[in-house]
Amino acid sequence: MEKTMEALLMYAPGDFRLERVPVPEPAEGEIVVRVEGAGICAGDVKTLHGGIRVWGTCEKDRFIEAPCIGGHEFIGRVVAVGAGVEGVEIGGRMISEQVIPCGKCRYCLSGNYWMCARSDIYGFKKCAQGGFAEYMKFHRRGRNHRIPPDMPLELALLTEPYACSMHAVERGRIGHDDVVVVSGLGCIGLGMINAAGNLHPRLLIGLDLRPKRLEMAKRFGADLSMNPEETDVVGAVKELTGGYGCDVFIEASGNVGSVRQGLAMIRNLGRFVEFGVFASEITADWNIIGDTKEIDVLGSHLGPYCYGAVIKGLERGDICGDGVISHMFPLREWKRAFETAEKDPEAVKVALIP
Ligand SMILES: [Zn+2]
Ligand SMILES: [Zn+2]
């Protein structure tokens, strides 16, 4: 194995650098993989632009331990294992869940590991360097899963984002009689359409501004898709529901307009699932939640207990991923890749291939 590798390090907002760094070596319990690919998350683009959730307002509330190798949507082939690792073959394909549970805090001890108080997430911490590199290390406490050897990379790379989709859909407790709206049809929103569609609700509606994504949502199981810039979506959903509004609204755009539309189109006692990540604080009419509609607001974060199900669904084909990975770039072209992810209307999920 080589001694050094190419890696994309995040130093500061606007300061990402491609550098040569040592190839990680596995200590006890650790696994080193040759990265096959790593998707660029909308969050990664926000991180490049100084997203406050990552960089904080001062040193004290900074989430990232910079410089750190980015990327949490990776797939790799095992090249080395440390002492004490069992049941992992060299050459096998693996993914590690994005959060590394500490195993000691009250969340980990109660099975709610994705809310771990330490919140060690690949791509943000010194102990959890990410997949924008030729090699990476899976932490000894990482939750690792096998990827089938013959699964196309374009599908395998969707495991992490689709696990987030599945968890958000589960939070919505969708029933067969429900009218469900998913707002924001990026990779994760499309995965929500997939996961929600598999529960066979009465009506499944996707909302997005990009024609390509609206068309994909229909292909992935939405009964209807609408563009809020062209259609009065609140009026349309009310009309489709006898004036009541949708039962479940899943917010996956991280856009203030989407939140306001959701609060307006959801029925009394409806379930509002918030997954989107916002660039800054937003304002919306909080009265709607209590005084007006008695809504259940349900947050959703990461994809706990969903990786195995997503991998199985992708393998069986009842979770679709056709065309979601719209672009692949070599790691060296990371700037072009980030620009494409941010600005190209045809882009859905852009991946880096180290
Ligand atoms: Zn992500
Ligand atoms: Zn913990």
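Just so we're clear, the structure is a prediction, and the values are computed from it rather than from any experiment. (Residues numbered from 1 in each chain as written. Chains lettered and ligands numbered in written order. Predicted model: local features only at pLDDT ≥ 70, side-chain atom pairs only at ≥ 80, totals over all residues. Heavy atoms only, no water.)

1. Some thoughts on the sheet that holds strand β12 (residues 203-207)
Going by this rule: For two strands to be treated as a pair, DSSP must find at least two bridges joining them. Secondary structure elements are defined from DSSP: runs of H or I of at least 4 residues count as helices, runs of E of at least 2 residues count as strands, and each element is numbered from the N terminus. Note on definitions: angles span 0 to 180 degrees between N-to-C directions of axes, and those axes are lines fitted to C-alpha atoms, for helices only across the stretch in contact.
The strand order β13-β12-β11-β14-β15-β16 describes an open sheet built from 6 strands, whose pairing is parallel. Each end of this open sheet is capped by a strand with a single partner; those strands are β13 (224-226) and β16 (296-299). The sheet shows a mean angle of 20° between the axes of neighbouring strands, direction not considered. In the sheet, strand β15 (residues 266-274) pairs with β16 via 4 bridges, with the strands oriented parallel. Pairing of Phe272 across the sheet is with Val297, part of β16.

2. Here we look at the pattern of salt bridges
How we decide: Just to be clear on terms, a salt bridge is a Lys or Arg side-chain nitrogen sitting within 4 Å of an Asp or Glu carboxyl oxygen. When accessible area is computed with a 1.4 Å probe and restricted to protein chains, residues below 20% of their type maximum are described as buried, those above 50% as exposed, and intermediate ones as partly exposed.
Counted under the stated rule, the structure contains 17 salt bridges. A salt bridge links Glu73 to Lys349; the nearest nitrogen and oxygen atoms lie 2.9 Å apart. Of the two residues, Glu73 sits in strand β5 (residues 73-81) while Lys349 sits in strand β18 (residues 349-353), which places them 276 residues apart along the sequence. Exposure remark for Glu73: the relative accessible area of 1% places this residue in the buried category. Salt bridges here are not isolated pairs; linked through shared partners, they connect Glu36, Arg77 and Arg93.

3. Quick word on the coordination of the zinc ion (ligand 2)
For clarity, the threshold we go by: Donor atoms (N, O, S) are those found within 2.8 Å of the metal centre, with the cutoff raised to 3.2 Å for Na, K and Ca; water is not part of the atom list, so apparent gaps in a site can occur. Sites are called tetrahedral only when four donors show all angles between 85 and 135 degrees, square planar or octahedral only when four or six donors show opposite pairs over 155 degrees and all other angles between 65 and 115, and irregular in any remaining case.
On the protein side, the zinc ion (ligand 2) has Cys102 (SG), Cys105 (SG), Cys108 (SG) and Cys116 (SG) as donor atoms, found 2.3 to 2.4 Å from it. Around the zinc ion (ligand 2), the 4 donor atoms are arranged such that angles at the metal cover 101 to 117°; this shape is classified as tetrahedral. For the zinc ion (ligand 2), all donor residues lie on one chain, and their spacing in sequence is C-x2-C-x2-C-x7-C. In terms of burial, Cys102 and Cys108 fall into one category: buried.

4. Some details on helix α5 (residues 159-171)
What sets the pattern is the α-helix's 3.6 residues per turn: residues three or four places apart point alike. Filter applied, for reference: Here, expected helix span is obtained from the residue count minus one, scaled by 1.5 Å.
Given a rise of 1.5 Å per residue, 13 residues ought to cover 18 Å, and the 18 Å separating the end C-alpha atoms of α5 matches this to within 8%. α5 sits mainly inside the fold: 11 of its 13 residues count as buried. Every buried residue of α5 is accounted for by Thr159, Glu160, Pro161, Tyr162, Ala163, Cys164, Ser165, Met166, His167, Ala168 and Val169. Positioned one or two residues after α5, Arg173 has a phi angle of 45°, which is positive.

5. Some words on the sheet that holds strand β2 (residues 15-22)
Note: strands within a sheet are paired through backbone hydrogen bonds, in either parallel or antiparallel orientation. Strand order across the open sheet formed by 3 strands is β2-β1-β4, with antiparallel pairing between neighbours. The open sheet terminates on both sides in strands that have one partner only, identified here as β2 and β4 (68-69). Pairing of strand β1 (residues 4-12) with β4, which is carried by 2 bridges, proceeds in the antiparallel orientation. Following the sheet pairing, Leu9 is matched in β4 by Ile69.

6. Re the nonpolar core
Heads up, the rule is: We define a nonpolar core as any set of buried Ala, Val, Leu, Ile, Met, Phe, Trp, Tyr and Cys residues linked to one another through side-chain atoms lying within 4.5 Å. The contact rule is simple, with two residues in contact once any of their heavy atoms fall within 4.5 Å.
Phe132, Phe338 and Leu352 are the most contacted members of the largest nonpolar core, which has 51 residues in total. Not counting chain neighbours up to four residues away, the residues in contact with Leu352 comprise Gly37, Ala38, Ile40, Phe132, Phe329, Pro330, Leu331, Trp334, Ala337 and Phe338. Judged by nonpolar contacts, the second largest core, of 48 residues, contains Val169, Leu190, Ile250 and Val310.

7. Things to note about the packing of aromatic side chains
Where we set the bar: Two rings belonging to Phe, Tyr or Trp (six-membered ring only in the last case) form a pair when the distance between their centres is within 6.5 Å. Interplanar angles under 30 degrees mark stacking, angles over 60 mark edge-to-face geometry, and anything in between is tilted. Note on criteria: charge over ring means Lys NZ or Arg CZ within 6 Å of the ring centre, with the direction from the centre no more than 35 degrees off the ring normal.
Inspection of every chain in the model, using the stated rule, returns 12 aromatic pairs. On the numbers, 6.3 Å between centres and 75° between planes, the contact of Phe132 with Phe338 is edge-to-face. Here Phe338 lies in helix α11 (residues 334-343) and Phe132 lies in the loop between β8 (120-121) and β9 (135-138), a separation of 206 residues in the sequence. For the pair Phe132 and Phe338, one class covers both residues: buried. Connected via pairs of aromatic rings, a cluster forms that spans Phe16, Phe132, Trp334 and Phe338. Here the guanidinium or amino end of Arg17 rests over the ring plane of Tyr11, the centre of that ring lying 3.6 Å away. The positively charged end of Arg34 is found above the aromatic ring belonging to Tyr135, 5.4 Å away from the centroid.

As far as function goes, none of this settles anything; it's purely spatial.
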